[in-house]
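# Examination of the molecular architecture
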Amino acid sequence: IQPYVDATAKCSDMTADICSYLLSRVAMKPSSPGHVFLNSSDALCAPWLSSLGEFAGRFYKKHYYTDLLGLLTVVINRMGGATDMKLAAASDMPQEYKGESLIRIVFESILEHMGGVLTVSDYTAEQLVCLAG
């Protein structure tokens, strides 16, 4: 994914804004049989979802001046079920979202790649003691 992000280095500010808009539109697509978040065969997250998150995180790190609000609004509304219906109606977001928690992978990837924050949830007790000092 990094070579694709590096290819955007020569893009103008307008092109980066358009790419940001397209990332928001992809994240806004509702779940459908061809566009699932969870693979039914192995119960793992779909590869496209983690790739979208990694690309978005690396893209926004390289293009820090690009507006992140659109993508964050979509991701937060999908995680929370779009509780603010005025905001959902204003942003053309479909009303059928019921809190899709797997979209949080995009949010975690943005934090991880853009902010340098790693999310590790499988530390053993011994590893936690060692990290605590």
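For the structure itself, consult the block above.
Now for a quick tour of the structure. Keep in mind it's a predicted model, so treat the numbers as computed, not measured.

## Re the packing of aromatic side chains
As enumerated under the stated definition, the model contains three aromatic pairs in all. Residues Tyr-64 and Tyr-65 carry aromatic rings whose centres are separated by 5.6 Å and whose planes lie at 80° to one another, so their mutual orientation is edge-to-face. What makes Tyr-64 exposed here is its relative accessible area of 64%. A relative accessible area of 41% places Tyr-65 in the partly exposed class. A connected cluster of aromatic rings, assembled from ring pairs, spans Phe-55, Phe-59 and Tyr-60.

## Looking at a nonpolar patch on the surface
A grouping of Leu-118, Val-120, Tyr-123, Leu-128 and Leu-131 is seen on the molecular surface, where their side chains present a nonpolar patch of about 510 Å² in accessible area. Structurally, the position occupied by Leu-131 is in helix H7 (residues 125–132). For Leu-131, a relative accessible area of 58% corresponds to the exposed category.

## Considering the pattern of salt bridges
Tallied over the full model, the rule gives three salt bridges. Between Glu-54 and Arg-58 there is a salt bridge, with its nearest N and O atoms 3.1 Å apart. In this pair, Glu-54 and Arg-58 both sit in helix H3 (residues 47–62), four residues apart, roughly one turn of the helix. Classification of Glu-54 as partly exposed rests on a relative accessible area of 24%.

## As for helix H6 (residues 104–115)
When the terminal C-alpha atoms of H6 are compared, their 16 Å separation across 12 residues agrees well with the 16 Å that a helix rising 1.5 Å per residue should span. All buried positions along H6 are accounted for by Ile-105, Val-106, Ser-109, Ile-110 and His-113. Looking straight down H6, one finds its buried side chains confined to an arc of 140°; they lie on one side. At its buried positions, H6 is contacted by H3 and helix H4 (69–80). Taken from the residues just after H6, Gly-116 is the one with a positive phi, measuring 75°.

## Looking at the side chain of Ser-109
As for its position among the elements, Ser-109 is in helix H6. In contact with Ser-109, other than residues within four places in its own chain, are Ser-50, Gly-53, Glu-54, Gly-57 and Met-114.

## Description of the side chain of His-63
Inspection of the secondary structure assignment puts His-63 in the loop between H3 and H4. Exposure remark for His-63: the relative accessible area of 2% places this residue in the buried category. For His-63, the side chain forms a polar contact with the side chain of Tyr-65, separated by 3.0 Å. Not counting chain neighbours up to four residues away, the residues in contact with His-63 comprise Thr-8, Ala-9 and Ala-16.

## A few points about the environment of Gln-2
Relative to the assigned elements, Gln-2 resides in helix H1 (residues 2–7). Linking Gln-2 and Phe-59, residues 57 residues apart in sequence, is a C-alpha distance of 8.8 Å. Within the structure, the side chain of Gln-2 is placed 2.9 Å from the side chain of Arg-58, a separation counted as a polar contact.

## Overview of the packing of H3 against H6
Close contact between H3 and H6 brings their axes to 7 Å; oriented N to C, the two are set at 35°. Note on packing geometry: the crossing formed by H3 with H6 is right-handed. Seen from H3, the contacting residues are Leu-49, Ser-50, Leu-52, Gly-53, Glu-54, Ala-56, Gly-57, Arg-58, Tyr-60 and Lys-61; seen from H6, they are Ile-105, Val-106, Ser-109, Ile-110, His-113 and Met-114. Here the residues of the contact of H3 with H6 sort into eight nonpolar, five polar and three charged.

About the thresholds
- Residues numbered from 1 in each chain as written.
- Predicted model: local features only at pLDDT ≥ 70, side-chain atom pairs only at ≥ 80, totals over all residues.
- Heavy atoms only, no water.
- Phe/Tyr/Trp six-rings, centres within 6.5 Å; stacked < 30°, edge-to-face > 60°.
- Buried < 20%, exposed > 50% of the residue type's maximum accessible area, 1.4 Å probe, protein only.
- Patch = residues over 30% accessible without salt bridge, like charges linked within 9 Å, V, L, I, M, F, W, Y side chains within 5 Å.
- Areas by Shrake-Rupley, 256 points an atom, 1.4 Å probe, with all protein chains shown as cover.
- Salt bridge = Lys/Arg side-chain N within 4 Å of Asp/Glu carboxyl O.
- Helix = DSSP H or I, 4+ residues; strand = E, 2+ residues; numbered from the N terminus.
- Expected span 1.5 Å × (residues − 1).
- Arc of directions from axis to C-beta.
- Contact = heavy atoms within 4.5 Å.
- Polar contact = N/O pair within 3.5 Å; in protein donor to acceptor, adjacent residues only side chain to side chain.
- Axes fitted to C-alpha atoms, helices over the stretch in contact; angles between N-to-C directions.
- Left-handed = near helix turned anticlockwise from the far one by under 90°.
- Nonpolar A, V, L, I, M, F, W, Y, C, P; charged D, E, K, R; others polar.

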